[in-house]
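An overview of the molecular structure
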Amino acid sequence: MGNICGKSDSDNFSQPGRVLGSAPPQPERSSVPAKVGGPPRTLGGAGSSPNPPDLSSDAVEARRRAAEAAEARAQAASAKSTGKLGTQLAAQKKQTRNETLKEISDNERRQRDADEAAQSRSHN
């Protein structure tokens, strides 16, 4: 039986091997150019500095209005009432780890008590 897609008469030992412990042949390396052309550049281009000196008053005003709008959206999102589920989520986020563990423990205890009561009723 053989491989359907492979060569039918290939032999693993048809090529000369190498001595145990010898390194495999090294591939030829490509040469690196001595100098990469052009002057050094900073990433982001010319207008990426935090306070460019040539901004017009319109650009400054537009940036200020955009910042104010972003702050207003953030405040509206944090103050927005989302109803019953939102209130429950906010209360759950405020709980500490110990409060969460205590609540889970109380729920488990109530479940065990209910199971014991049901078992005692069915036993009688």
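This one's a predicted model, so the numbers in the text were calculated from it and none came from an experiment.

Before going further, it helps to examine the overall build of the protein chain. Check the secondary structure of the protein chain and you find three helices and zero strands. Going from N to C terminus, the protein chain has its helices and strands arranged as α-α-α. Across the 124 residues in the protein chain, those meeting the buried criterion constitute 2%. Counting only carbon and sulfur atoms, one obtains 54% of the accessible surface of the protein chain, whose full area is about 12,600 Å².

Across the protein chain, the average pLDDT comes to 80, with 80% of residues at 70 or higher. Averaged pLDDT values over the elements of the protein chain bottom out at 85 in helix α2 (residues 83-94) and peak at 94 in helix α3 (residues 97-123).

Considering all chains together, one arrives at four salt bridges under this definition. We note a salt bridge from E61 to R64, for which the minimum N-O separation is 2.3 Å. Of the two residues, E61 and R64 are both situated in helix α1 (residues 57-79); the distance of three residues between them amounts to about one turn of the helix. Given a relative accessible area of 39%, R64 falls into the partly exposed group. Note that R64 is salt-bridged to E68, the shortest N-O span being 2.4 Å. In this pair, R64 and E68 both sit in helix α1, four residues apart, roughly one turn of the helix.

Cut-offs used in this document
- Residues numbered from 1 in each chain as written.
- Predicted model: local features only at pLDDT ≥ 70, side-chain atom pairs only at ≥ 80, totals over all residues.
- Heavy atoms only, no water.
- Helix = DSSP H or I, 4+ residues; strand = E, 2+ residues; numbered from the N terminus.
- Buried < 20%, exposed > 50% of the residue type's maximum accessible area, 1.4 Å probe, protein only.
- Areas by Shrake-Rupley, 256 points an atom, 1.4 Å probe, with all protein chains shown as cover.
- pLDDT = per-residue confidence, 0-100.
- Salt bridge = Lys/Arg side-chain N within 4 Å of Asp/Glu carboxyl O.

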